[in-house]
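Overview (structure and organization)
Listed below, chain by chain, are the residues.
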Amino acid sequence: MAETNVNKRTPFKKKLNKLLGIDLMGRKNMMGYIFVLPFVIGFVLVFAPSIIQSFRFSLSTLKMEPDGYNLIFEGLGNYKKAFLEDPDYRKVLLETLRDIVINLPVILIFSFFMAILLNRKNFPGRTIIRIIFFLPVIIYSGVASTAGMTAGLSDDTVAVAAQIFSDPTLNDTGLQTGAASIMSSTMNLQAILSSLDLGPGLMSFITLSVSRLEWIIQSSGVQILIFLAALQTIPTAIFEAAQVEGLTTWEMFWKITLPMISPMILVNAVYTVVDSFTNSRYQVQSFIHNVSFGRIDYGYGSALAFIYFICTIIIIGVVALIVSRYVFYND
Amino acid sequence: MEKYREKQNIEFEQFSRGKRLKAKYLNWHFAAKVFGTLFIYVLLIGIAFVIVYPIIRRVSNAFKPAEEFFDSSVILFPRNPTQETIWRAYGGLNVNGLGAKSFWLAVFVALGQTAVATVAAYGFARFKFRGSKLLFACVIFTLVVPPETIVIPLLLRFRYFNPFGLMSLILGKPLDLTDTLWPQIILALTGMGWKNGLYIYMMREYFKGMPIALEEAAYIDGAKTMRAFFEIILPSAVPMMMTIFLFSFSWQWTDDFYAGTFLLTERVMATNIATLVESGSGGSVEIISYNTQQTATLLLILPLIVLFIFTQRFFVEGIERSGITGT
């Protein structure tokens, strides 16, 4: 009896598997769907509709009503407005993109350089330095970067500082040092420079580059660690072989280290761009947020956000294109 | 070998102590080494200073009485330290009223994100089902879309919350979830929360680096996929899950983007900070209110700093452990 049961069941299973076009391994792999299910639900029910809706909003005007909202189709009106009419958006967007484009290579080179410095063996204080370099990732995030916790020139800092420095009624050095001491070291520097009479052009150049330096140092924490992890996975045997062959350290850097960790350059580039979305020192975010939630102009806000999205995709694409030419996979 | 060493020592001992020291330290190689090390330390300490200085500055400002801001001889150490600013910032943050709420929000969101990231990442790392590459591309896609792009539809979705028309069936009208913590928890549980794609990516790299022999042994012993996952994989993934949890907690703790969007009249501590500046008041009042805001920010991140000091191992080693390979 039992035997016939088995005989009956096996062909059925085989038939089922044949029908679905899978073998035993394939059956096991079907379990994968269960694991990724939460993400799939989120993607299909939350993310994908949202991004499609956002695109639809960007083509229309949105009217809020008590239990729902009304869409009035407008075509490309919002986009036209963003590019041709809005006096501020183009400026803010270009500034943000310029900042990303300038910061991206500098962050990559800086974190690469730092990772190489930190990778030396028998290097006392390595742990402490690593911890400090990583600190900004945790503490200069979210509102802490908005509120000008970073020493640079965030939006409100500039506003307050400009007011204090330009207000003729406040022509009081005490107040100015007060302002400087509270704002940041950059403002302090600005106070010193203004006393040197360097002229506004040179002054803004120096303060901007100093604040950018801090900005870059504070946003390379994760990138340094990713490079460091990659450096540690290079087998030492390769270096030993190279040494036997008579390569100098300089040659080893270009012929071994750089190719071996080149895949990480792309990862870090993407991470840097993604990280910039949540760093409010790039001004376009607060601008879009103001349009959408300050002026409650959802349609126009969506259009602005979409333009921003397309621009960042283009940046990532260009970086991927450039890096993938030189990338070397050690497979 | 021993004999050889002895001979060497004897030969070396033939020179006087002074000559030996001279030979050892007075050469270009040693000088280059010393200056190289010195240079690297100066560089590293300088950069570390740039990172730490704003915090030191703000700690000192927190204790400064208002009039000392106008005294250019006081820089880091206040002459008459006061706690006034700190208490004003403490009240402004509304720690007593909102502390618990902010804390639980961050904890629940972090738990949800960790769970979803772990499960999804395991699915991506170990199973080759149809469309897995495409789905993983979707994970990366959720990462590269700026949150601004999807936040308006998200807000409207939660303002008129009506999954499959269920809510209008039960309540007669869509549910309004704004001003509650549910939108953020729902986002976390569906893997769409703050930077969730990054967590899935890190977790996947970690699972890919884990030896597959662990599970194969479990399968041979007769365990089913689920049992192998819960009894073999999860326990060995705890350190990495801890890393994800800590990242998620700290980023949620300071996040004012989603919190500020979904909480229209309610607040958490992070969104309270923006309200502390009375801009346009000008002069010293502005400086004081600005200082209060800065001190409030400092108070907000203080728990994170303490947490970080005790758990830095998870943060720093987590990324190294994940061994992100870029493929």
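Computed from a prediction, not measured in an experiment: that's the story for all the values here. (Residues numbered from 1 in each chain as written. Chains lettered and ligands numbered in written order. Predicted model: local features only at pLDDT ≥ 70, side-chain atom pairs only at ≥ 80, totals over all residues. Heavy atoms only, no water.)

**Side note on the overall build of chain A**
Here is the rule we go by: Strands are runs of DSSP state E lasting at least two residues, helices are runs of H or I lasting at least four, and both sets are numbered from the N terminus onward. Burial classes follow relative accessibility: with a 1.4 Å probe on protein chains only, a residue under 20% of its type's maximum area counts as buried, one over 50% as exposed, and anything between as partly exposed. Two residues qualify as a contact provided that any one of their heavy atoms is within 4.5 Å of a heavy atom in the partner residue.
The helix and strand tally for chain A stands at 15 helices and two strands. Out of the 331 residues in chain A, the part that is buried amounts to 49%. When contacts within chain A are restricted to residue pairs at least 6 apart in sequence, long-range pairs at least 24 apart make up 65% of them.

**Digging into empty space enclosed by the protein**
To find the voids left in a structure, one rolls a probe of water-molecule size over its atoms. As a reminder, the rule being used: Each cavity reported here is a set of points on a 1 Å grid over the protein atoms alone in which a 1.4 Å probe fits but cannot get out, each pocket an open set with protein on both sides within 12 Å along at least five of seven lines, and each lining residue one with an atom within 4 Å of a point. Grid points are joined across faces, edges and corners, and a volume is the space filled by probe spheres set on the points. Only Asp, Glu, Lys and Arg are considered charged in this grouping, and only Ala, Val, Leu, Ile, Met, Phe, Trp, Tyr, Cys and Pro are considered nonpolar; every other residue, Gly among them, is considered polar.
Inspection of the entire model under this criterion finds six cavities of 30 Å³ or more. Together, 23 residues line the largest cavity, and Pro136, Tyr140, Ser141, Asp275 and Asn279 of chain A are the ones closest to its centre. Per-element accounting of the lining of the largest cavity gives the leading share, three residues, to helix H11 (residues 221–233) of chain A. Looking at the lining of the largest cavity, its residues break down into eight nonpolar, 12 polar and three charged. Residue lining of the second largest cavity: 18 residues in total, with Thr142, Val145, Pro147, Gly193 and Lys195 of chain B positioned closest to the centre. Listed by contribution, the elements that provide at least two residues to the lining of the second largest cavity are helix H13 (249–277) of chain A together with helix H6 (132–144), helix H7 (147–159) and helix H10 (196–209) of chain B. Residues of the lining of the second largest cavity, tallied by class, amount to 11 nonpolar, six polar and one charged.

**Notes on the pattern of salt bridges**
As a working rule, side chains carrying opposite charge can pair if their charged atoms are close by. Spelled out, the test is: Only one rule defines a salt bridge in this text: a Lys or Arg side-chain nitrogen within 4 Å of an Asp or Glu carboxyl oxygen.
Evaluated as defined, the whole model comprises 10 salt bridges over all chains. Measuring nitrogen to oxygen at the nearest pair gives 3.5 Å for the salt bridge that ties Arg98 of chain A to Asp99 of chain A. Taking the relative accessible area as the measure of exposure, Asp99 of chain A reaches 9% and is therefore buried. A salt bridge links Glu266 of chain B to Lys101 of chain B; the nearest nitrogen and oxygen atoms lie 2.8 Å apart. Of the two residues, Glu266 of chain B is situated in the loop between helix H14 (257–262) and helix H15 (269–272) and Lys101 of chain B in helix H5 (residues 95–126); the sequence distance between them amounts to 165 residues. In this structure Glu266 of chain B comes out as partly exposed when scored by relative accessible area, which is 36%. Residue classification places Lys101 of chain B among the partly exposed residues on the basis of a relative accessible area of 21%. Bridged by salt links that share partners, the residues Arg98, Asp99 and Arg212 of chain A form one connected network.

**As for a nonpolar patch on the surface**
As a reminder, the rule being used: Excluding any residue in a salt bridge, patches collect residues exceeding 30% relative accessible area, merging like charges within 9 Å and nonpolar Val, Leu, Ile, Met, Phe, Trp and Tyr side chains within 5 Å. Per-residue accessibility takes into account occlusion by the displayed protein chains alone, with areas from the Shrake-Rupley method and a 1.4 Å probe.
On the surface, Leu37, Ile41, Val44 and Leu45 of chain A together with Phe164, Leu166, Leu169, Ile170 and Leu171 of chain B cluster together to form a nonpolar patch covering roughly 940 Å² of accessible area. Of all the secondary-structure elements, those providing two or more residues to the nonpolar patch are helix H2 (24–58) of chain A together with helix H8 (166–170) of chain B. In this structure, Leu171 of chain B sits in the loop between H8 and helix H9 (182–189).

**Section: unusual backbone geometry**
All names here are of chain B. We note that Asp179 has phi near 70°; this positive angle belongs to a residue other than glycine. Along the polypeptide, Asp179 turns up in the loop between H8 and H9. The class for Asp179 is partly exposed, based on a relative accessible area of 24%. Of note, the phi angle at Lys195 is positive, near 60°, even though the residue is not glycine. As for its position among the elements, Lys195 is in the loop between H9 and H10.

**Some points on the interface of chain B and chain A**
Rules: Summed over both partners, the accessible surface that disappears when two parts come together, traced with a 1.4 Å probe, is what is meant by buried area. What qualifies as a polar contact is a pair of N or O atoms within 3.5 Å, subject to a donor-acceptor requirement within protein and to the restriction that residues adjacent in sequence count only when both atoms come from side chains.
Each partner contributes residues to the interface: chain B has 100 residues there, and chain A has 110 residues. Looking only at chain B, the three residues that lose the most surface to chain A are Ile51, Ile152 and Tyr290 of chain B, adding up to 7% of its buried area. Counting across the interface, chain B meets chain A through one salt bridge. One salt bridge in this structure joins Asp275 of chain A and Lys195 of chain B, with 3.4 Å as the shortest N-O distance. Remark: the boundary between chain B and chain A carries seven residue pairs in polar contact (both at pLDDT 80 or more). Ranked by the residues each element gives to the side of chain B that touches chain A, the list is headed by helix H16 (residues 283–322) of chain B, at 19 residues. Grouping the amino acids of the side of chain B that touches chain A by side-chain chemistry returns 66 nonpolar, 21 polar and 13 charged.

**Things to note about the packing of H10 of chain B against helix H13 (residues 238–254) of chain B**
All names here are of chain B. Inclusion rule: An axis is simply a line fitted to the C-alpha atoms; with a helix, the fit covers only the stretch in contact. Between two such axes, the angle follows the N-to-C directions and lies from 0 to 180 degrees. Note on terminology: angles under 35 degrees are roughly parallel, angles over 145 are roughly antiparallel, angles of 65 to 115 are roughly perpendicular, and the others are oblique. Left-handed describes a crossing in which the near helix is turned anticlockwise from the far one by less than a right angle; the clockwise case is right-handed.
Direction vectors running N to C along H10 and H13 enclose 165°, while the axes themselves pass 10 Å from each other. One finds that H10 runs roughly antiparallel with respect to H13. Considering how the two elements wind past one another, H10 and H13 form a crossing that is right-handed. Contacts between H10 and H13 involve Leu198, Tyr199, Met202, Met203 and Tyr206 from the former and Met240, Met241, Thr243, Ile244, Phe247, Ser248 and Trp251 from the latter. Classifying every residue of the contact of H10 with H13 by side-chain character gives 10 nonpolar, two polar and no charged.

**Re the side chain of Gln53 of chain A**
Summarising the element assignment, Gln53 of chain A is placed in helix H2. At 3.2 Å, the side chain of Gln53 of chain A and the side chain of Arg157 of chain B are in polar contact.

**Some thoughts on the packing of aromatic side chains**
What counts here: For Phe, Tyr and Trp, rings pair up if their centres lie within 6.5 Å, where Trp contributes its six-membered ring, and each pair is then called stacked (planes under 30 degrees apart), edge-to-face (over 60) or tilted (otherwise). Here, over-ring charges are defined by two tests on the NZ atom of lysine or the CZ atom of arginine: distance to the ring centre within 6 Å, and angle to the ring normal within 35 degrees.
The full count for this structure, using the stated rule, is 44 aromatic pairs over all chains. An aromatic cluster of at least three residues, connected via ring pairs, comprises Phe39, Phe43, Phe47, Phe55, Phe306 and Phe309 of chain A together with Phe124, Phe136, Phe141 and Tyr201 of chain B. If you follow Lys81 of chain A out to its NZ or CZ, it ends over the ring of Tyr300 of chain A, 4.1 Å from the centre.

**Topic: the confidence of the model for chain A**
Residue and element names in this part refer to chain A. Here is the rule: For every residue, the predictor reports its confidence as pLDDT, a number between 0 and 100.
In the predicted model, chain A carries a mean pLDDT of 77, and the fraction of residues at 70 or more is 73%. Considering each helix and strand of chain A separately, the mean pLDDT is smallest for helix H7 (residues 155–166), with a value of 47, and largest for helix H12 (residues 236–245), with 91. Note that pLDDT drops below 50 for residues 149–159; the model gives that stretch 40 contacts with residues more than four away or on any other chain. Low pLDDT (under 50) marks residues 165–174, which in the prediction has eight contacts with non-local residues, meaning those over four places away or in another chain.

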